[in-house]
Amino acid sequence: MDRFTRTYSLLLGAVLIAALFFWAKSTWKPEVWNLDEVLTSDAQLAGYPYQFRLRAFHDGVAVISTPRSPEFPAYSFLQVIHPKLAGKAQDDPEMVAAQQDLIDHQKRAMGLMLAQPGVKNVDWELDVQWLADHGIHR
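Residues numbered from 1 in each chain as written. Predicted model: local features only at pLDDT ≥ 70, side-chain atom pairs only at ≥ 80, totals over all residues. Heavy atoms only, no water.

With that settled, the discussion passes to the packing of helix H4 (residues 74-81) against helix H5 (residues 93-114). The packing of two helices is summarised by the inter-axis angle and the distance between the axes. It is at 10 Å that the axes of H4 and H5 come closest, and there the two elements cross at 95 degrees. What the angle tells us is that H4 and H5 run roughly perpendicular. Mapping the contact onto sequence places Ala74, Tyr75, Phe77, Leu78 and Gln79 in H4 and Met95, Ala98, Gln99 and Leu102 in H5. The class makeup of the residues in the contact of H4 with H5 is 7 nonpolar, 2 polar and no charged. (Axes fitted to C-alpha atoms, helices over the stretch in contact; angles between N-to-C directions. Helix = DSSP H or I, 4+ residues; strand = E, 2+ residues; numbered from the N terminus. Parallel < 35°, antiparallel > 145°, perpendicular 65-115°, else oblique. Contact = heavy atoms within 4.5 Å. Nonpolar A, V, L, I, M, F, W, Y, C, P; charged D, E, K, R; others polar.)

Rendered as C-alpha coordinates:
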(Lines give C-alpha, C1' and ligand atoms only; values in the text may rest on other atoms or scores of the structure.)
Protein backbone atom coordinates (compact mmCIF):
# COMPACT_ATOMS: atom_id res chain seq x y z
CA MET A 1 0.00 0.00 0.00
CA ASP A 2 1.47 3.37 -0.94
CA ARG A 3 1.85 6.22 1.52
CA PHE A 4 -1.20 8.20 0.29
CA THR A 5 -3.53 5.19 0.49
CA ARG A 6 -2.29 4.26 3.97
CA THR A 7 -2.68 7.85 5.24
CA TYR A 8 -6.12 8.17 3.61
CA SER A 9 -7.22 4.84 5.13
CA LEU A 10 -6.04 5.82 8.60
CA LEU A 11 -7.74 9.22 8.39
CA LEU A 12 -10.98 7.69 7.10
CA GLY A 13 -10.86 5.08 9.87
CA ALA A 14 -10.34 7.78 12.51
CA VAL A 15 -13.29 9.79 11.18
CA LEU A 16 -15.53 6.70 11.21
CA ILE A 17 -14.49 5.80 14.76
CA ALA A 18 -15.15 9.37 15.92
CA ALA A 19 -18.56 9.38 14.22
CA LEU A 20 -19.42 6.03 15.81
CA PHE A 21 -18.32 7.34 19.22
CA PHE A 22 -20.50 10.47 18.98
CA TRP A 23 -23.46 8.45 17.68
CA ALA A 24 -23.15 5.97 20.56
CA LYS A 25 -22.80 8.80 23.07
CA SER A 26 -25.97 10.47 21.78
CA THR A 27 -28.04 7.27 21.88
CA TRP A 28 -26.69 5.76 25.10
CA LYS A 29 -29.10 7.13 27.70
CA PRO A 30 -29.72 4.57 30.45
CA GLU A 31 -31.49 7.15 32.65
CA VAL A 32 -34.05 7.69 29.87
CA TRP A 33 -34.48 3.94 29.44
CA ASN A 34 -34.99 3.45 33.18
CA LEU A 35 -37.55 6.23 33.45
CA ASP A 36 -39.32 5.02 30.30
CA GLU A 37 -39.55 1.58 31.89
CA VAL A 38 -41.60 3.15 34.69
CA LEU A 39 -44.17 4.27 32.12
CA THR A 40 -44.21 1.11 30.01
CA SER A 41 -44.41 -1.25 33.00
CA ASP A 42 -47.38 0.49 34.62
CA ALA A 43 -50.44 -1.74 34.21
CA GLN A 44 -52.92 1.15 34.04
CA LEU A 45 -50.96 2.96 31.32
CA ALA A 46 -50.28 -0.27 29.43
CA GLY A 47 -54.02 -0.85 29.11
CA TYR A 48 -54.57 2.45 27.31
CA PRO A 49 -54.53 2.44 23.47
CA TYR A 50 -51.78 5.08 23.39
CA GLN A 51 -48.47 4.34 25.13
CA PHE A 52 -46.91 7.36 26.78
CA ARG A 53 -43.12 7.25 26.34
CA LEU A 54 -40.27 9.22 27.81
CA ARG A 55 -38.57 11.13 25.00
CA ALA A 56 -35.83 12.92 26.93
CA PHE A 57 -34.57 13.70 30.40
CA HIS A 58 -32.36 16.72 31.01
CA ASP A 59 -31.74 18.86 34.09
CA GLY A 60 -34.59 17.24 36.01
CA VAL A 61 -37.15 17.72 33.23
CA ALA A 62 -38.79 14.58 31.85
CA VAL A 63 -40.24 15.02 28.35
CA ILE A 64 -43.12 12.63 27.71
CA SER A 65 -44.84 11.98 24.39
CA THR A 66 -48.50 12.88 24.09
CA PRO A 67 -51.12 12.53 21.34
CA ARG A 68 -52.55 15.98 21.95
CA SER A 69 -51.36 19.54 22.28
CA PRO A 70 -52.85 23.03 22.11
CA GLU A 71 -52.25 22.94 18.33
CA PHE A 72 -53.69 19.45 17.93
CA PRO A 73 -56.89 18.75 19.87
CA ALA A 74 -57.65 15.46 21.57
CA TYR A 75 -60.85 15.23 19.55
CA SER A 76 -59.06 14.03 16.41
CA PHE A 77 -56.86 11.57 18.30
CA LEU A 78 -59.79 10.05 20.20
CA GLN A 79 -61.64 9.23 16.99
CA VAL A 80 -58.69 7.08 15.93
CA ILE A 81 -58.33 5.07 19.13
CA HIS A 82 -62.10 4.86 19.62
CA PRO A 83 -63.67 4.51 16.13
CA LYS A 84 -67.17 4.58 17.67
CA LEU A 85 -66.55 8.27 18.43
CA ALA A 86 -66.08 9.19 14.76
CA GLY A 87 -68.44 11.98 13.81
CA LYS A 88 -69.58 12.67 17.37
CA ALA A 89 -69.62 16.23 18.68
CA GLN A 90 -67.02 17.36 21.18
CA ASP A 91 -69.71 17.81 23.83
CA ASP A 92 -71.19 14.34 23.29
CA PRO A 93 -71.12 12.48 26.63
CA GLU A 94 -69.06 9.62 25.16
CA MET A 95 -66.52 12.07 23.73
CA VAL A 96 -66.33 13.94 27.05
CA ALA A 97 -65.76 10.64 28.87
CA ALA A 98 -63.02 9.66 26.41
CA GLN A 99 -61.35 13.05 26.87
CA GLN A 100 -61.46 12.63 30.64
CA ASP A 101 -59.97 9.13 30.30
CA LEU A 102 -57.10 10.58 28.25
CA ILE A 103 -56.56 13.31 30.85
CA ASP A 104 -56.54 10.73 33.64
CA HIS A 105 -53.92 8.63 31.85
CA GLN A 106 -51.83 11.69 31.09
CA LYS A 107 -51.98 12.73 34.77
CA ARG A 108 -50.96 9.20 35.78
CA ALA A 109 -47.92 9.32 33.47
CA MET A 110 -46.99 12.70 34.88
CA GLY A 111 -47.42 11.53 38.47
CA LEU A 112 -45.27 8.46 37.88
CA MET A 113 -42.48 10.60 36.47
CA LEU A 114 -42.64 13.21 39.23
CA ALA A 115 -42.40 10.39 41.81
CA GLN A 116 -39.00 9.35 40.42
CA PRO A 117 -35.80 10.61 42.02
CA GLY A 118 -34.26 13.50 40.15
CA VAL A 119 -37.40 14.40 38.19
CA LYS A 120 -38.48 17.94 39.04
CA ASN A 121 -40.83 18.75 36.17
CA VAL A 122 -42.62 17.19 33.20
CA ASP A 123 -42.94 18.65 29.72
CA TRP A 124 -45.05 17.20 26.94
CA GLU A 125 -44.06 16.66 23.30
CA LEU A 126 -46.63 15.99 20.59
CA ASP A 127 -46.06 12.51 19.16
CA VAL A 128 -46.22 13.47 15.50
CA GLN A 129 -44.79 10.09 14.44
CA TRP A 130 -47.60 8.15 16.15
CA LEU A 131 -50.18 10.49 14.65
CA ALA A 132 -48.67 10.13 11.16
CA ASP A 133 -48.52 6.34 11.54
CA HIS A 134 -52.25 6.42 12.21
CA GLY A 135 -53.13 8.66 9.28
CA ILE A 136 -53.39 11.92 11.18
CA HIS A 137 -51.54 14.87 9.70
CA ARG A 138 -51.67 18.16 11.50
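Applying the stated criterion across every chain, the model contains 6 salt bridges. The partner of arginine 55 in a salt bridge is glutamate 125, and the shortest N-O contact between them spans 3.0 Å. Of the two residues, arginine 55 sits in strand E1 (residues 54-58) while glutamate 125 sits in strand E3 (residues 121-126), which places them 70 residues apart along the sequence. When its relative accessible area of 34% is taken as the criterion, glutamate 125 is described as partly exposed. As a salt-bridge pair, glutamate 94 and lysine 88 come within 2.7 Å of each other at their nearest N and O atoms. Take glutamate 94: its relative accessible area is 34%, and that puts it in the partly exposed class. Residue lysine 88 is classed as partly exposed on the basis of its relative accessible area of 22%. When salt bridges with common partners are traced through the structure, they connect Arg55, Glu125 and Asp127 into a single cluster. (Salt bridge = Lys/Arg side-chain N within 4 Å of Asp/Glu carboxyl O. Buried < 20%, exposed > 50% of the residue type's maximum accessible area, 1.4 Å probe, protein only.)

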